[in-house]
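Structural features, examined
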Amino acid sequence: MHQGQMNFMFLSDLEKNKVARISNILDGEFSINAKLREVGFAEGDEVEIIAYGPVAKTPICVRLNRTMIALRPNEAKYIEVEL
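Residues numbered from 1 in each chain as written. Predicted model: local features only at pLDDT ≥ 70, side-chain atom pairs only at ≥ 80, totals over all residues. Heavy atoms only, no water.

1. Some words on the sheet that holds strand β2 (residues 19–25)
Taken together, the 6 strands give an open sheet; going across it, the order is β1-β6-β2-β3-β4-β5, and neighbouring strands pair in antiparallel fashion. Looking at which strands have only one partner, the edges of the open sheet turn out to be β1 (8–10) and β5 (67–71). Looking at each pair of strands side by side, their axes are set apart by 45° on average, direction ignored. Bridge analysis of strand β3 (residues 46–55) against strand β4 (residues 58–64) gives 6 bridges, and the strand direction is antiparallel. Each bridged residue has a counterpart across the sheet, and for V55 the counterpart in β4 is T58. (Pairing = 2+ DSSP bridges. Helix = DSSP H or I, 4+ residues; strand = E, 2+ residues; numbered from the N terminus. Axes fitted to C-alpha atoms, helices over the stretch in contact; angles between N-to-C directions.)

2. Focus: the pairing of β3
Bridging between β2 and β3 involves 3 bridges; their strand directions are antiparallel. Among the inter-strand pairings, R21 is bridged to a residue of β3, identified as E46.

3. A closer look at unusual backbone geometry
Cis geometry is adopted by the peptide bond preceding P59, which originates at T58 and carries an omega value of -5°. Tracing the chain through its elements places P59 in strand β4. Within the chain, N17 stands out as a residue other than glycine whose phi angle is a positive 70°. Position of N17 among the secondary structure elements: in the loop between β1 and β2. Despite not being glycine, K57 has its phi angle at roughly 55°, a positive value. Its location among the elements puts K57 in the loop between β3 and β4.

4. Description of the pattern of salt bridges
One pass over the structure, following the stated rule, counts 4 salt bridges. Among the ionic pairs, R21 bridges to E46, the shortest N-O distance being 3.2 Å. Pair noted here: R21 is in strand β2 and E46 is in strand β3, with a separation of 25 residues, a long-range link. Owing to a relative accessible area of 31%, E46 belongs among the partly exposed residues under this scheme. Taking the shortest distance from any N to any O, the salt bridge between E75 and R72 comes out at 3.1 Å. (Salt bridge = Lys/Arg side-chain N within 4 Å of Asp/Glu carboxyl O. Buried < 20%, exposed > 50% of the residue type's maximum accessible area, 1.4 Å probe, protein only.)

In structure tokens, the structure reads:
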């Protein structure tokens, strides 16, 4: 990777125990952007996937700054992160 090049992906694709920073929250169906922001997601925040639920990897347990939050995979796909 060249210096200054960012590695972007969606939170739903982030590997477990990797720390990333939120770069964007996309607007999608049912005002998902507003719902995610109400829970506390914001650009610049650190996130990490801590665990997956036992059935079909749902829910996803996410550490957002110092708070644990459970998300559905279809919600995590609207959160763009950078490593």
